[in-house]
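# Architecture at a glance
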Amino acid sequence: MTPEERDLVMGLVLVPGKGRTRTLDEVLAHFGESDGGVLALRLLRDAMDRRDADDVAMALIVKAAAGASGEEFLEPLIELSRADWHTRHEDVVRMLGKLRSPRTVPALREAARWIPEYLDWDENRALAVKAIWALGGIPGPEAREALEGLRDDENEVIRENAVNQLERRGEL
């Protein structure tokens with residue numbers, strides 16, 4: 001993606017007090033697409049192929065602006081949740097949670113325990129908390145079992161959030 005294209009995509013971000021400077025239709029027209037989900041997926045796969053963290057962020061902005069959350073994002077997002085070459089793990093985990101798919105449980109369980117180097121400073125374990133809350137929203141025994149396993153984690157933040165989600169689900 002060129003710097004100009006990144007600026008165009010950044011125009012989709014809602015800035016408090018300023019609003020957005022671009023519309024999704026403008027971005028779609030520039031890239032020759034008519035569907036925001038299709039464009040987001042194309043940009044995401046391209047960024048992943050090139051391991052370009054900045055362009056992953058741009059693709060996720062397009063995905064959010066388009067309200068795209070289809071099953072076709074499942075595998076790329078699972079792969080991104082485990083990739084150590086970008087810094088958008090919290091966004092990826094949040095998007096995985098919105099899919100509410102039992103297929104995301106292993107990736108979310110891993111995200112709850114993994115501390116990427118760039119988040120080593122975070123004692124509040126924001127990535128883990130987001131992953132645990134995402135697990136809490138997924139129906140079925142896979143998510144319950146993952147939460148039960150996290151309930152016994154050595155980290156207090158992880159334990160407390162796992163217990164909270166189990167209680168919220170009525171499974172404790």
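Relevant structure appears above.
Residues numbered from 1 in each chain as written. Predicted model: local features only at pLDDT ≥ 70, side-chain atom pairs only at ≥ 80, totals over all residues. Heavy atoms only, no water.

Let us now look at the overall build of the chain. Tallying secondary structure elements over the chain gives ten helices and zero strands in all. When the helices and strands of the chain are placed in sequence order, the string is α-α-α-α-α-α-α-α-α-α. What you see for the chain is a C-alpha radius of gyration of 17 Å, in line with the 16 Å of a compact globule of 172 residues. Projecting the C-alpha coordinates of the chain onto the three principal axes gives extents of approximately 50 × 35 × 30 Å. Counting over 172 residues, the chain shows a buried share of 45%. Partitioning the contacts of the chain with sequence separation of at least 6, the portion at a separation of at least 24 is 58%. In the chain, the 24 positive side-chain charges and the 34 negative ones have mean positions that sit 3 Å from each other. (Helix = DSSP H or I, 4+ residues; strand = E, 2+ residues; numbered from the N terminus. Rg over C-alpha atoms; globule rule 2.2 N^0.38 Å. Buried < 20%, exposed > 50% of the residue type's maximum accessible area, 1.4 Å probe, protein only. Contact = heavy atoms within 4.5 Å. Lys, Arg positive; Asp, Glu negative; His and termini not counted. Charge placed at Lys NZ, Arg CZ, Asp CG, Glu CD.)

Counted under the stated rule, the structure contains 18 salt bridges. Put simply, Arg-42 and Glu-33 hold a salt bridge, and the shortest N to O gap is 2.8 Å. According to the relative accessible area criterion, Arg-42 is partly exposed, its value standing at 37%. One salt bridge connects Arg-50 with Asp-46, and the closest N-O pair in it is separated by 2.9 Å. Taken as a pair, Arg-50 and Asp-46 lie in helix H3 (residues 36–50) at a separation of four residues, close to a single helical turn. Classification of Arg-50 by relative accessible area gives partly exposed; the value is 38%. Under the relative-accessibility criterion, Asp-46 is labelled partly exposed at 36%. Shared partners join several salt bridges into a network, and the residues in it are Arg-6, Asp-46, Arg-50, Asp-52 and Asp-55. (Salt bridge = Lys/Arg side-chain N within 4 Å of Asp/Glu carboxyl O.)

All of the buried residues in helix H7 (residues 105–113) are Val-105, Ala-107, Leu-108, Ala-111 and Ala-112. Viewed along the axis of H7, the buried residues span an arc of 160°, placing them on a single side of the element. Looking at the packing, one finds that the buried side of H7 touches helix H5 (74–82), helix H6 (89–99), helix H8 (126–136), helix H9 (141–150) and helix H10 (156–168). (Arc of directions from axis to C-beta.)

Turning our eyes to something else, we now look at the packing of H5 against H6. Their axes nearest at 9 Å, the elements H5 and H6 cross at an angle of 145°. Note that H5 runs across H6; the crossing there is left-handed. Across from Leu-74, Leu-77, Ile-78, Leu-80 and Ser-81 in H5, the residues of H6 making contact are His-89, Val-92, Met-95, Leu-96 and Leu-99. Within the contact of H5 with H6, the residues separate by chemical class into eight nonpolar, two polar and no charged. (Axes fitted to C-alpha atoms, helices over the stretch in contact; angles between N-to-C directions. Left-handed = near helix turned anticlockwise from the far one by under 90°. Nonpolar A, V, L, I, M, F, W, Y, C, P; charged D, E, K, R; others polar.)

A few words now on the packing of aromatic side chains. The relation between two aromatic rings is expressed through the spacing of the ring centres and the mutual angle of the planes. Overall, the coordinates contain zero aromatic pairs when judged by the stated rule. One Lys or Arg, Lys-63, reaches over the ring of Phe-73 and ends 5.0 Å from the middle of that ring. (Phe/Tyr/Trp six-rings, centres within 6.5 Å; stacked < 30°, edge-to-face > 60°. Lys NZ or Arg CZ within 6 Å of the ring centre and 35° of its normal.)

Attention shifts here to the side chain of Asn-161. Locating Asn-161 in the fold gives a position in helix H10. Here Val-157 takes part through its backbone oxygen, which lies 2.8 Å from a polar atom of the side chain of Asn-161. Look past the residues within four positions of Asn-161 in its chain and what remains in contact with it is Val-129, Ile-132 and Trp-133. (Polar contact = N/O pair within 3.5 Å; in protein donor to acceptor, adjacent residues only side chain to side chain.)

Counting 51 residues, the largest nonpolar core has Leu-44, Leu-77, Leu-96 and Leu-108 as its most contacted members. Residues within four places of Leu-44 in sequence aside, it is in contact with Val-56, Ala-59, Leu-60, Phe-73, Pro-76 and Leu-80. (Core = buried A, V, L, I, M, F, W, Y, C linked by side-chain atoms within 4.5 Å.)

Along its 13 residues, H10 runs 18 Å from first to last C-alpha, staying within 8% of the 18 Å computed at 1.5 Å per residue. Residues Ile-158, Asn-161, Ala-162, Gln-165 and Leu-166 constitute the buried set of H10. An end-on view of H10 places all buried positions within 140° of arc, on one side of the element. Contact partners of the buried residues in H10: H7, H8 and H9. Just downstream of H10 lies Gly-170, where phi reads positive at about 75°. (Expected span 1.5 Å × (residues − 1).)

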